[in-house]
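What follows is the residue order along each chain.
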Amino acid sequence: MIQIIKHPSPKSEAFLKRLSERVKSFPTKLEDYVKKIGREVQKKGDLALAEFTERFDKVKLRPEDFWVKEDEFKKAYEEISEELLSAIRLAIKQVREFHERGLLQSWIASPRRGVWYGQLVKPVERAGLYVPGGTGGEIPLISTVIMTAVPAKIAGVHEVILVSPPRKDGSLHPALLVSAKEVGVDAVYRIGGPWSIFALAYGTETLPKVDLICGPGNIYVTLAKKIVSFHTGIDLIAGPSEVVVVADETARADFVCWDLLAQAEHDPNSLSILITNSQNLAKEVRNYLREALKGHPRKDVALTSLKKKGAILLVPSLEEALAVANKIAPEHLELMVERPEEFLFAIQNAGAVFLGNYTPEALGDYIAGPNHVLPTMGFARFASSLSVEKFCKKINFLHYTEEALKKEAKKVIILAEAENLPAHAEAVRRRLKKPKEASHEGTL
(Lines give C-alpha, C1' and ligand atoms only; values in the text may rest on other atoms or scores of the structure.)
Protein backbone atom coordinates (compact mmCIF):
# COMPACT_ATOMS: atom_id res chain seq x y z
CA MET A 1 0.00 0.00 0.00
CA ILE A 2 1.01 3.64 -0.44
CA GLN A 3 3.54 4.88 2.12
CA ILE A 4 3.25 7.95 4.36
CA ILE A 5 6.52 9.88 4.60
CA LYS A 6 7.28 12.88 6.77
CA HIS A 7 9.01 15.75 5.00
CA PRO A 8 11.62 17.01 5.43
CA SER A 9 13.43 13.83 6.39
CA PRO A 10 16.21 11.64 4.96
CA LYS A 11 13.54 9.25 3.68
CA SER A 12 11.61 11.97 1.86
CA GLU A 13 14.79 13.41 0.37
CA ALA A 14 15.74 9.96 -0.94
CA PHE A 15 12.25 9.55 -2.42
CA LEU A 16 12.36 12.96 -4.12
CA LYS A 17 15.84 12.25 -5.45
CA ARG A 18 14.53 9.09 -7.13
CA LEU A 19 11.74 11.12 -8.67
CA SER A 20 14.18 13.70 -10.01
CA GLU A 21 15.93 10.90 -11.88
CA ARG A 22 12.75 9.42 -13.37
CA VAL A 23 13.59 10.39 -16.96
CA LYS A 24 12.75 7.27 -18.88
CA SER A 25 15.74 5.50 -20.41
CA PHE A 26 15.18 3.02 -23.19
CA PRO A 27 16.99 -0.33 -23.45
CA THR A 28 19.50 -0.25 -26.30
CA LYS A 29 18.30 -3.60 -27.63
CA LEU A 30 14.73 -2.33 -27.79
CA GLU A 31 15.74 0.84 -29.60
CA ASP A 32 17.80 -1.17 -32.08
CA TYR A 33 14.79 -3.41 -32.69
CA VAL A 34 12.55 -0.42 -33.43
CA LYS A 35 15.21 1.03 -35.74
CA LYS A 36 15.06 -2.20 -37.77
CA ILE A 37 11.34 -1.68 -38.21
CA GLY A 38 12.08 1.83 -39.46
CA ARG A 39 14.60 0.55 -42.00
CA GLU A 40 12.05 -1.98 -43.29
CA VAL A 41 9.46 0.77 -43.76
CA GLN A 42 12.00 2.92 -45.60
CA LYS A 43 12.99 0.02 -47.81
CA LYS A 44 9.65 -1.67 -48.52
CA GLY A 45 7.04 1.03 -47.91
CA ASP A 46 3.44 -0.19 -47.95
CA LEU A 47 4.52 -3.84 -48.11
CA ALA A 48 6.31 -3.45 -44.76
CA LEU A 49 3.21 -1.83 -43.22
CA ALA A 50 1.05 -4.72 -44.35
CA GLU A 51 3.54 -7.30 -43.05
CA PHE A 52 3.90 -5.67 -39.63
CA THR A 53 0.13 -5.22 -39.28
CA GLU A 54 -0.43 -8.88 -40.02
CA ARG A 55 2.38 -10.02 -37.71
CA PHE A 56 1.58 -7.87 -34.69
CA ASP A 57 -2.06 -6.81 -35.02
CA LYS A 58 -3.16 -10.11 -36.59
CA VAL A 59 -4.99 -8.23 -39.34
CA LYS A 60 -4.40 -8.84 -43.02
CA LEU A 61 -4.67 -5.63 -45.05
CA ARG A 62 -3.81 -4.65 -48.60
CA PRO A 63 -2.32 -1.17 -49.11
CA GLU A 64 -5.59 -0.05 -50.73
CA ASP A 65 -7.33 -0.98 -47.46
CA PHE A 66 -5.20 1.34 -45.30
CA TRP A 67 -7.22 4.44 -46.09
CA VAL A 68 -10.63 4.72 -44.41
CA LYS A 69 -13.33 5.37 -47.02
CA GLU A 70 -16.23 7.82 -46.75
CA ASP A 71 -18.89 5.11 -46.40
CA GLU A 72 -17.15 3.87 -43.23
CA PHE A 73 -17.56 7.30 -41.65
CA LYS A 74 -21.25 7.33 -42.55
CA LYS A 75 -21.71 3.89 -41.02
CA ALA A 76 -19.83 5.00 -37.88
CA TYR A 77 -22.42 7.71 -37.20
CA GLU A 78 -25.12 5.06 -37.26
CA GLU A 79 -23.26 2.90 -34.72
CA ILE A 80 -22.78 5.38 -31.89
CA SER A 81 -25.40 6.78 -29.56
CA GLU A 82 -26.76 10.31 -29.68
CA GLU A 83 -25.48 10.79 -26.13
CA LEU A 84 -21.92 9.95 -27.14
CA LEU A 85 -22.12 12.14 -30.24
CA SER A 86 -23.35 15.02 -28.08
CA ALA A 87 -20.46 14.54 -25.65
CA ILE A 88 -17.95 14.45 -28.51
CA ARG A 89 -19.32 17.68 -29.96
CA LEU A 90 -19.26 19.44 -26.60
CA ALA A 91 -15.66 18.36 -25.99
CA ILE A 92 -14.62 19.64 -29.43
CA LYS A 93 -16.41 22.95 -28.88
CA GLN A 94 -14.79 23.60 -25.51
CA VAL A 95 -11.32 22.44 -26.51
CA ARG A 96 -11.57 24.67 -29.58
CA GLU A 97 -12.63 27.67 -27.48
CA PHE A 98 -9.60 27.25 -25.23
CA HIS A 99 -7.07 26.76 -28.03
CA GLU A 100 -8.33 29.62 -30.19
CA ARG A 101 -6.97 31.94 -27.50
CA GLY A 102 -3.49 30.62 -28.27
CA LEU A 103 -3.61 31.42 -31.97
CA LEU A 104 -0.40 33.23 -32.92
CA GLN A 105 -0.29 36.27 -35.19
CA SER A 106 2.36 37.49 -37.60
CA TRP A 107 3.69 40.93 -36.72
CA ILE A 108 5.79 43.76 -38.11
CA ALA A 109 7.43 46.75 -36.39
CA SER A 110 9.70 49.70 -37.19
CA PRO A 111 11.86 50.23 -34.08
CA ARG A 112 14.12 52.91 -35.59
CA ARG A 113 14.37 55.00 -38.74
CA GLY A 114 15.08 52.95 -41.85
CA VAL A 115 14.61 49.60 -40.14
CA TRP A 116 11.64 47.28 -40.12
CA TYR A 117 11.41 43.72 -38.99
CA GLY A 118 8.94 41.16 -37.78
CA GLN A 119 7.85 37.56 -37.69
CA LEU A 120 5.72 35.46 -40.00
CA VAL A 121 3.67 32.73 -38.33
CA LYS A 122 3.04 29.81 -40.68
CA PRO A 123 1.46 26.43 -39.99
CA VAL A 124 3.26 23.25 -40.95
CA GLU A 125 2.06 21.86 -44.28
CA ARG A 126 1.05 18.42 -43.02
CA ALA A 127 0.69 16.94 -39.53
CA GLY A 128 0.36 13.28 -38.53
CA LEU A 129 -1.65 12.29 -35.46
CA TYR A 130 -1.13 8.96 -33.71
CA VAL A 131 -4.11 7.60 -31.77
CA PRO A 132 -3.56 4.38 -29.79
CA GLY A 133 -6.18 1.69 -30.23
CA GLY A 134 -6.57 0.65 -26.62
CA THR A 135 -7.10 -3.06 -26.00
CA GLY A 136 -7.15 -4.56 -29.48
CA GLY A 137 -8.57 -1.33 -30.87
CA GLU A 138 -11.73 -1.80 -28.82
CA ILE A 139 -11.20 1.22 -26.56
CA PRO A 140 -11.41 4.35 -28.73
CA LEU A 141 -9.23 7.17 -27.43
CA ILE A 142 -11.68 9.86 -28.49
CA SER A 143 -9.96 12.46 -26.33
CA THR A 144 -6.63 11.96 -28.12
CA VAL A 145 -8.27 12.65 -31.48
CA ILE A 146 -9.75 15.87 -30.14
CA MET A 147 -6.69 17.07 -28.20
CA THR A 148 -4.33 16.64 -31.17
CA ALA A 149 -6.55 17.56 -34.11
CA VAL A 150 -8.23 20.67 -32.70
CA PRO A 151 -5.05 22.74 -32.24
CA ALA A 152 -3.75 21.50 -35.61
CA LYS A 153 -6.88 22.71 -37.41
CA ILE A 154 -6.89 26.04 -35.55
CA ALA A 155 -3.25 26.58 -36.52
CA GLY A 156 -4.27 26.17 -40.16
CA VAL A 157 -2.35 22.97 -40.93
CA HIS A 158 -3.08 22.27 -44.58
CA GLU A 159 -3.51 18.52 -44.18
CA VAL A 160 -4.12 16.57 -40.96
CA ILE A 161 -3.51 12.81 -41.19
CA LEU A 162 -4.58 10.36 -38.48
CA VAL A 163 -3.30 6.81 -37.97
CA SER A 164 -4.57 4.21 -35.53
CA PRO A 165 -4.23 0.42 -35.22
CA PRO A 166 -7.14 -1.63 -36.60
CA ARG A 167 -9.45 -3.88 -34.63
CA LYS A 168 -9.37 -7.63 -35.23
CA ASP A 169 -11.88 -7.31 -38.08
CA GLY A 170 -9.76 -4.65 -39.77
CA SER A 171 -12.04 -1.74 -38.87
CA LEU A 172 -11.54 1.27 -36.62
CA HIS A 173 -13.87 1.96 -33.72
CA PRO A 174 -16.87 4.04 -34.89
CA ALA A 175 -16.43 6.58 -32.05
CA LEU A 176 -12.88 7.22 -33.23
CA LEU A 177 -14.04 7.75 -36.82
CA VAL A 178 -16.86 10.07 -35.77
CA SER A 179 -14.47 12.11 -33.64
CA ALA A 180 -12.04 12.42 -36.55
CA LYS A 181 -14.82 13.53 -38.90
CA GLU A 182 -16.29 16.01 -36.42
CA VAL A 183 -12.96 17.71 -35.81
CA GLY A 184 -12.07 17.91 -39.50
CA VAL A 185 -9.27 15.36 -39.92
CA ASP A 186 -8.46 15.13 -43.64
CA ALA A 187 -7.55 11.44 -43.88
CA VAL A 188 -7.58 8.42 -41.56
CA TYR A 189 -5.47 5.28 -41.98
CA ARG A 190 -5.96 1.97 -40.15
CA ILE A 191 -2.26 1.55 -39.44
CA GLY A 192 -0.74 1.61 -35.94
CA GLY A 193 2.39 0.66 -34.04
CA PRO A 194 5.89 2.06 -34.58
CA TRP A 195 5.70 1.24 -38.30
CA SER A 196 2.98 3.86 -38.69
CA ILE A 197 5.26 6.49 -37.13
CA PHE A 198 7.99 5.65 -39.63
CA ALA A 199 5.44 5.73 -42.44
CA LEU A 200 4.39 9.25 -41.41
CA ALA A 201 8.01 10.36 -41.11
CA TYR A 202 9.31 8.86 -44.37
CA GLY A 203 6.18 8.49 -46.47
CA THR A 204 5.12 5.37 -48.38
CA GLU A 205 3.21 4.73 -51.60
CA THR A 206 -0.04 5.26 -49.69
CA LEU A 207 0.75 7.36 -46.62
CA PRO A 208 2.10 10.87 -47.23
CA LYS A 209 5.17 12.19 -45.46
CA VAL A 210 4.33 14.68 -42.70
CA ASP A 211 6.22 17.55 -41.10
CA LEU A 212 5.10 16.96 -37.50
CA ILE A 213 3.92 13.90 -35.55
CA CYS A 214 1.82 14.21 -32.40
CA GLY A 215 0.06 11.79 -30.09
CA PRO A 216 0.83 9.29 -27.31
CA GLY A 217 1.71 5.62 -27.64
CA ASN A 218 3.43 2.66 -26.01
CA ILE A 219 7.18 2.34 -25.61
CA TYR A 220 7.63 1.15 -29.21
CA VAL A 221 5.72 4.11 -30.61
CA THR A 222 7.60 6.48 -28.29
CA LEU A 223 10.92 5.06 -29.44
CA ALA A 224 9.90 5.44 -33.08
CA LYS A 225 9.06 9.11 -32.41
CA LYS A 226 12.42 9.59 -30.75
CA ILE A 227 14.21 8.03 -33.73
CA VAL A 228 12.43 10.12 -36.38
CA SER A 229 12.71 13.35 -34.36
CA PHE A 230 16.03 14.13 -36.02
CA HIS A 231 14.29 14.96 -39.30
CA THR A 232 10.55 15.19 -38.47
CA GLY A 233 8.99 17.31 -35.75
CA ILE A 234 7.35 15.58 -32.78
CA ASP A 235 5.28 16.88 -29.88
CA LEU A 236 7.24 15.36 -26.99
CA ILE A 237 8.70 12.17 -25.55
CA ALA A 238 6.16 11.13 -22.94
CA GLY A 239 6.49 8.79 -20.00
CA PRO A 240 3.94 7.29 -17.61
CA SER A 241 1.10 9.50 -16.37
CA GLU A 242 1.61 11.62 -13.23
CA VAL A 243 -0.43 13.47 -10.63
CA VAL A 244 0.56 15.40 -7.52
CA VAL A 245 -2.26 16.50 -5.21
CA VAL A 246 -1.53 19.31 -2.76
CA ALA A 247 -4.27 19.25 -0.12
CA ASP A 248 -5.12 20.73 3.26
CA GLU A 249 -7.66 19.70 5.90
CA THR A 250 -10.55 21.05 3.78
CA ALA A 251 -10.01 18.43 1.08
CA ARG A 252 -12.30 15.41 0.91
CA ALA A 253 -10.36 12.19 1.35
CA ASP A 254 -12.54 10.27 -1.12
CA PHE A 255 -11.94 12.90 -3.81
CA VAL A 256 -8.19 12.66 -3.26
CA CYS A 257 -8.31 8.87 -3.26
CA TRP A 258 -10.01 8.57 -6.63
CA ASP A 259 -7.82 11.24 -8.23
CA LEU A 260 -4.75 9.30 -7.17
CA LEU A 261 -6.25 6.07 -8.49
CA ALA A 262 -7.15 7.76 -11.78
CA GLN A 263 -3.42 7.99 -12.48
CA ALA A 264 -2.33 4.76 -10.80
CA GLU A 265 -4.68 2.67 -12.94
CA HIS A 266 -2.93 3.84 -16.13
CA ASP A 267 0.39 2.08 -15.71
CA PRO A 268 2.50 0.28 -13.06
CA ASN A 269 4.98 3.15 -13.42
CA SER A 270 2.46 5.98 -13.05
CA LEU A 271 3.19 8.59 -10.40
CA SER A 272 0.50 9.33 -7.77
CA ILE A 273 1.51 11.56 -4.86
CA LEU A 274 -0.40 13.42 -2.15
CA ILE A 275 1.36 16.27 -0.36
CA THR A 276 -0.51 17.52 2.69
CA ASN A 277 -0.06 19.33 5.97
CA SER A 278 -2.93 17.34 7.51
CA GLN A 279 -2.08 14.09 9.27
CA ASN A 280 -5.76 13.18 9.51
CA LEU A 281 -6.24 13.59 5.77
CA ALA A 282 -3.16 11.45 5.09
CA LYS A 283 -4.56 8.58 7.16
CA GLU A 284 -8.06 8.92 5.70
CA VAL A 285 -6.77 8.85 2.13
CA ARG A 286 -4.70 5.74 2.78
CA ASN A 287 -7.75 4.01 4.27
CA TYR A 288 -9.92 5.03 1.32
CA LEU A 289 -7.32 3.71 -1.10
CA ARG A 290 -7.24 0.38 0.68
CA GLU A 291 -11.02 0.02 0.37
CA ALA A 292 -11.25 1.37 -3.19
CA LEU A 293 -8.66 -1.08 -4.46
CA LYS A 294 -10.64 -4.12 -3.26
CA GLY A 295 -13.12 -4.01 -6.11
CA HIS A 296 -11.01 -2.16 -8.67
CA PRO A 297 -10.85 -3.99 -12.03
CA ARG A 298 -7.25 -2.79 -12.51
CA LYS A 299 -6.23 -3.49 -8.93
CA ASP A 300 -2.89 -5.14 -9.79
CA VAL A 301 -1.77 -2.26 -12.00
CA ALA A 302 -2.88 0.43 -9.55
CA LEU A 303 -1.43 -1.31 -6.49
CA THR A 304 1.94 -1.79 -8.18
CA SER A 305 1.97 1.87 -9.18
CA LEU A 306 1.14 3.07 -5.65
CA LYS A 307 3.82 0.87 -4.12
CA LYS A 308 6.54 1.80 -6.63
CA LYS A 309 5.91 5.46 -7.32
CA GLY A 310 3.19 6.52 -4.90
CA ALA A 311 3.56 8.36 -1.60
CA ILE A 312 1.78 10.60 0.87
CA LEU A 313 4.18 13.32 1.97
CA LEU A 314 3.41 15.01 5.29
CA VAL A 315 4.74 18.58 5.25
CA PRO A 316 4.75 21.34 7.89
CA SER A 317 2.99 23.92 5.67
CA LEU A 318 1.31 24.48 2.33
CA GLU A 319 4.24 26.67 1.30
CA GLU A 320 6.53 23.68 1.76
CA ALA A 321 4.04 21.52 -0.14
CA LEU A 322 4.24 23.86 -3.13
CA ALA A 323 8.03 23.91 -2.96
CA VAL A 324 8.08 20.10 -3.12
CA ALA A 325 5.53 20.09 -5.98
CA ASN A 326 7.69 22.50 -7.97
CA LYS A 327 10.66 20.22 -7.39
CA ILE A 328 8.72 17.22 -8.74
CA ALA A 329 7.42 19.20 -11.77
CA PRO A 330 4.47 16.85 -12.35
CA GLU A 331 2.33 16.37 -15.43
CA HIS A 332 -0.84 17.14 -13.44
CA LEU A 333 -0.97 19.22 -10.25
CA GLU A 334 -4.15 19.49 -8.20
CA LEU A 335 -4.56 22.19 -5.55
CA MET A 336 -7.27 20.85 -3.24
CA VAL A 337 -6.95 23.58 -0.66
CA GLU A 338 -9.33 26.14 0.85
CA ARG A 339 -8.32 29.06 -1.40
CA PRO A 340 -6.45 27.51 -4.35
CA GLU A 341 -6.36 30.73 -6.37
CA GLU A 342 -4.06 32.26 -3.76
CA PHE A 343 -1.43 29.63 -4.49
CA LEU A 344 -1.70 29.46 -8.29
CA PHE A 345 1.08 31.93 -9.04
CA ALA A 346 3.47 30.10 -6.73
CA ILE A 347 3.44 27.23 -9.21
CA GLN A 348 6.61 27.22 -11.30
CA ASN A 349 6.71 23.69 -12.73
CA ALA A 350 3.62 21.74 -13.81
CA GLY A 351 2.07 20.56 -17.06
CA ALA A 352 -1.42 21.63 -15.96
CA VAL A 353 -2.95 22.85 -12.68
CA PHE A 354 -6.40 21.91 -11.38
CA LEU A 355 -7.86 24.25 -8.77
CA GLY A 356 -10.23 23.24 -6.01
CA ASN A 357 -12.12 20.20 -4.78
CA TYR A 358 -14.47 20.10 -7.76
CA THR A 359 -11.88 20.19 -10.54
CA PRO A 360 -10.65 16.62 -10.96
CA GLU A 361 -7.88 15.94 -13.43
CA ALA A 362 -10.33 13.79 -15.40
CA LEU A 363 -12.07 17.00 -16.53
CA GLY A 364 -8.89 18.05 -18.27
CA ASP A 365 -8.57 14.64 -19.89
CA TYR A 366 -11.80 14.99 -21.79
CA ILE A 367 -13.92 18.07 -21.96
CA ALA A 368 -12.83 21.18 -20.04
CA GLY A 369 -10.76 22.79 -22.81
CA PRO A 370 -7.04 22.76 -21.92
CA ASN A 371 -4.96 20.14 -23.70
CA HIS A 372 -4.19 16.83 -22.02
CA VAL A 373 -1.00 16.16 -23.99
CA LEU A 374 1.41 17.29 -21.28
CA PRO A 375 5.09 16.99 -20.34
CA THR A 376 5.96 14.12 -17.97
CA MET A 377 9.16 12.89 -16.26
CA GLY A 378 9.89 16.34 -14.83
CA PHE A 379 9.98 17.95 -18.28
CA ALA A 380 7.47 20.54 -17.03
CA ARG A 381 10.58 22.40 -15.85
CA PHE A 382 11.08 23.52 -19.46
CA ALA A 383 8.26 22.12 -21.63
CA SER A 384 4.61 22.98 -22.17
CA SER A 385 1.38 21.27 -23.17
CA LEU A 386 0.47 20.62 -26.78
CA SER A 387 -0.97 23.80 -28.27
CA VAL A 388 -1.67 25.65 -31.49
CA GLU A 389 1.89 27.00 -31.32
CA LYS A 390 3.33 23.49 -31.75
CA PHE A 391 1.79 23.29 -35.21
CA CYS A 392 3.27 26.64 -36.26
CA LYS A 393 6.64 27.94 -37.40
CA LYS A 394 7.96 31.43 -36.79
CA ILE A 395 9.91 33.01 -39.65
CA ASN A 396 11.84 36.17 -38.81
CA PHE A 397 12.29 38.91 -41.43
CA LEU A 398 14.39 42.07 -41.52
CA HIS A 399 14.86 45.13 -43.76
CA TYR A 400 17.45 47.98 -43.56
CA THR A 401 17.74 51.04 -45.78
CA GLU A 402 21.21 52.17 -46.83
CA GLU A 403 21.19 54.98 -44.29
CA ALA A 404 20.12 52.65 -41.48
CA LEU A 405 22.96 50.26 -42.35
CA LYS A 406 25.51 53.09 -42.24
CA LYS A 407 24.44 54.00 -38.72
CA GLU A 408 25.10 50.50 -37.34
CA ALA A 409 27.76 49.15 -39.70
CA LYS A 410 30.76 50.01 -37.55
CA LYS A 411 29.42 48.06 -34.58
CA VAL A 412 28.72 45.01 -36.77
CA ILE A 413 32.25 45.14 -38.17
CA ILE A 414 33.75 45.37 -34.68
CA LEU A 415 31.79 42.35 -33.50
CA ALA A 416 32.60 40.31 -36.61
CA GLU A 417 36.31 41.01 -36.31
CA ALA A 418 36.21 40.15 -32.60
CA GLU A 419 34.88 36.74 -33.61
CA ASN A 420 37.57 36.44 -36.32
CA LEU A 421 35.05 36.28 -39.14
CA PRO A 422 36.51 38.66 -41.73
CA ALA A 423 34.00 37.89 -44.48
CA HIS A 424 31.17 38.92 -42.17
CA ALA A 425 32.90 42.25 -41.61
CA GLU A 426 33.65 42.70 -45.30
CA ALA A 427 30.04 41.93 -46.31
CA VAL A 428 29.05 45.03 -44.32
CA ARG A 429 32.11 47.15 -45.17
CA ARG A 430 31.64 46.56 -48.91
CA ARG A 431 28.15 48.08 -48.76
CA LEU A 432 29.62 51.34 -47.40
CA LYS A 433 31.81 51.84 -50.47
CA LYS A 434 30.85 53.29 -53.81
CA PRO A 435 30.38 50.70 -56.59
CA LYS A 436 33.53 51.76 -58.48
CA GLU A 437 35.68 51.54 -55.35
CA ALA A 438 34.36 48.12 -54.45
CA SER A 439 34.76 46.64 -57.96
CA HIS A 440 38.59 46.95 -57.83
CA GLU A 441 38.93 45.06 -54.55
CA GLY A 442 38.72 41.30 -54.87
CA THR A 443 40.24 40.14 -51.58
CA LEU A 444 39.84 40.93 -47.89
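Everything that follows concerns the structure shown earlier in this document.
To start, this report covers the structure provided alongside it. Nothing here was measured: the structure is a model prediction, and the numbers come from that model.

### Here we look at the sheet that holds strand β2 (residues 107–112)
Here comes step 1: Across the sheet, 3 strands lie side by side as β2-β3-β14; this open sheet has antiparallel pairing. Of all the strands in the sheet, just β2 and β14 (392–400) have a single pairing partner and so form its edges. Strand-to-strand twist in this sheet, taken as the mean axis angle between neighbours without regard to direction, amounts to 20 degrees.
Here comes step 2: Sheet topology places β2 next to strand β3 (residues 115–123); 4 bridges connect them, and they run antiparallel. Looking at β3, one finds that Arg112 is bridged to Val115.

### Re the pairing of strand β9 (residues 242–247)
Here comes step 1: Counting buried residues in β9 gives 6 out of 6 residues, a clear majority hidden from the surface.
Here comes step 2: A two-sided burial pattern is seen for β9, the buried positions comprising Glu242, Val244 and Val246 on one face and Val243, Val245 and Ala247 on the other.
Here comes step 3: In terms of strand pairing, β9 meets strand β10 (residues 271–276) through 6 bridges, oriented parallel. What sits directly across from Val243, in β10, is Ser272.
Here comes step 4: Handedness of the β9-helix α10 (residues 253–264)-β10 crossover: right-handed.

### As for a nonpolar patch on the surface
Here comes step 1: A surface patch of nonpolar side chains, amounting to about 260 Å² of accessible area, comprises Tyr33, Phe56 and Tyr220.
Here comes step 2: Mapping Tyr220 onto the fold places it in helix α9 (residues 219–228).
Here comes step 3: Since its relative accessible area comes to 33%, Tyr220 is described here as partly exposed.

Reading the values: rules and limits
- Residues numbered from 1 in each chain as written.
- Predicted model: local features only at pLDDT ≥ 70, side-chain atom pairs only at ≥ 80, totals over all residues.
- Heavy atoms only, no water.
- Pairing = 2+ DSSP bridges.
- Helix = DSSP H or I, 4+ residues; strand = E, 2+ residues; numbered from the N terminus.
- Axes fitted to C-alpha atoms, helices over the stretch in contact; angles between N-to-C directions.
- Buried < 20%, exposed > 50% of the residue type's maximum accessible area, 1.4 Å probe, protein only.
- Right-handed = clockwise from strand over helix to strand, strands pointing away.
- Patch = residues over 30% accessible without salt bridge, like charges linked within 9 Å, V, L, I, M, F, W, Y side chains within 5 Å.
- Areas by Shrake-Rupley, 256 points an atom, 1.4 Å probe, with all protein chains shown as cover.
- Salt bridge = Lys/Arg side-chain N within 4 Å of Asp/Glu carboxyl O.

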